[in-house]
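# Structural description and commentary
Take a look at the letters that make up each chain.
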Amino acid sequence: MATTTAAQRREQERFAYDAFLRECPTNQLLARLSDKWVSLVVAALAGHDGPLRYSDLGRKIAGVSQKMLTQTLRGLERDGIVARTVTPSVPVRVDYELTALGRSLGGLLVAVKDWAETHMDEVAVARESYDAADGTPGVQK
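Bear in mind that the values here come from a model prediction, so they are computed numbers and not experimental data.

### Considerations on the packing of helix α3 (residues 36-46) against helix α5 (residues 66-78)
- As a packed pair, α3 and α5 sit with axes 10 Å apart at the nearest point and diverge in direction by 75°. Considering their axes alone, α3 and α5 lie roughly perpendicular with respect to each other. Side by side, α3 and α5 meet where Trp 37, Val 38, Val 41 and Val 42 of the first sit next to Met 68, Leu 69, Thr 72, Leu 73 and Leu 76 of the second.
- In terms of residue class, the contact of α3 with α5 is built from 8 nonpolar, 1 polar and no charged.

Structure, rendered in structure tokens:
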């Protein structure tokens, strides 16, 4: 195994990703992945065997507008997380499915969604307690 000098290590570290740095590409990717619509789209696709049509995704994800769904799907396609297939027909059929990269992310986002569904009651109680204390921990009105 070759040894590296301190200067070589610094040069390698300069190109390492650090999501805590605002200008790092991983910081930007985390910002995209933390978007509510991204999480729901990926979870919906991960929880379904095979591709879903655009209209099926729109029905599954309550409250998403056509504009937001389109923007979200385009961003996910650009990032290599979703694959888009157009089938020429009348009307045109457009299907979306997760790529291998998207499937590796899908399990994580489904787990986050499941966690939120499981613990929502506990979070609601914590919020009520916090709000009753005007945000001051341990103090009741």
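### Side note on the sheet that holds strand β3 (residues 93-98)
- Taken in spatial order, the 3 strands line up as β1-β3-β2 in an open sheet, and their pairing is antiparallel. Taken across any chain shown, the strands that pair with only one partner, and hence form the sheet edges, are β1 (52-53) and β2 (82-87).
- As judged from the 6 bridges shared by β2 and β3, these two strands associate in the antiparallel manner. Residue Val 82 lies in a different strand from β3, and its bridge partner there is Leu 98.
- Across the sheet, α3 is in contact with β1, β2 and β3; its angle to β3 comes to roughly 90°.

### Quick notes on the packing of α3 against helix α6 (residues 100-132)
- Relative orientation of the contacting elements α3 and α6 amounts to 110°, with a least axis distance of 8 Å. By the angle between their directions, the pair α3 and α6 is classed as roughly perpendicular. Contacts from Val 38, Ser 39, Val 42, Ala 43 and Ala 46 in α3 reach Gly 102, Leu 105, Gly 106, Leu 109, Val 110 and Lys 113 in α6.
- Residue composition of the contact of α3 with α6, by class: 7 nonpolar, 3 polar and 1 charged.

### Quick word on α5
- With 13 residues, α5 ought to run about 18 Å at 1.5 Å a step, and its terminal C-alpha atoms sit 18 Å apart, in line with that.
- Buried within α5 are the following residues: Leu 69, Thr 72, Leu 73, Gly 75 and Leu 76. Projected onto a plane normal to the axis of α5, the buried residues spread over an arc of 160° and lie on a single side. Of the residues in α5, the exposed ones pointing more than 90 degrees away from the buried face are Gln 66, Lys 67, Arg 74 and Arg 78.
- If you follow the buried residues of α5, they end up packed against α2 (25-33), α3, α4 (54-60), β2 and β3.
- A positive phi of about 80° marks Gly 80, the residue just after α5.

### A word on the pattern of salt bridges
- Within this structure, the stated rule accounts for 5 salt bridges.
- With a closest N to O distance of 2.8 Å, Asp 95 and Arg 93 form a salt bridge.
- Taking the shortest distance from any N to any O, the salt bridge between Lys 113 and Glu 117 comes out at 3.2 Å. Of the two residues, Lys 113 and Glu 117 are both situated in helix α6; the distance of 4 residues between them amounts to about one turn of the helix.
- Take Glu 117: its relative accessible area is 56%, and that puts it in the exposed class.
- One network of salt bridges, with partners in common, ties together Lys 113, Asp 114 and Glu 117.

### What about the environment of Gly 102?
- Along the chain, Gly 102 falls in helix α6.
- Take Gly 102: its relative accessible area is 0%, and that puts it in the buried class.
- Taking the C-alpha atoms as reference points, Gly 102 and Gly 80, 22 residues apart in sequence, are found 7.3 Å from one another.
- Here Gly 102 is in contact with Val 42, Gly 80 and Ile 81, once residues within four sequence places are set aside.

Conventions used here
- Residues numbered from 1 in each chain as written.
- Predicted model: local features only at pLDDT ≥ 70, side-chain atom pairs only at ≥ 80, totals over all residues.
- Heavy atoms only, no water.
- Axes fitted to C-alpha atoms, helices over the stretch in contact; angles between N-to-C directions.
- Helix = DSSP H or I, 4+ residues; strand = E, 2+ residues; numbered from the N terminus.
- Parallel < 35°, antiparallel > 145°, perpendicular 65-115°, else oblique.
- Contact = heavy atoms within 4.5 Å.
- Nonpolar A, V, L, I, M, F, W, Y, C, P; charged D, E, K, R; others polar.
- Pairing = 2+ DSSP bridges.
- Expected span 1.5 Å × (residues − 1).
- Buried < 20%, exposed > 50% of the residue type's maximum accessible area, 1.4 Å probe, protein only.
- Arc of directions from axis to C-beta.
- Salt bridge = Lys/Arg side-chain N within 4 Å of Asp/Glu carboxyl O.

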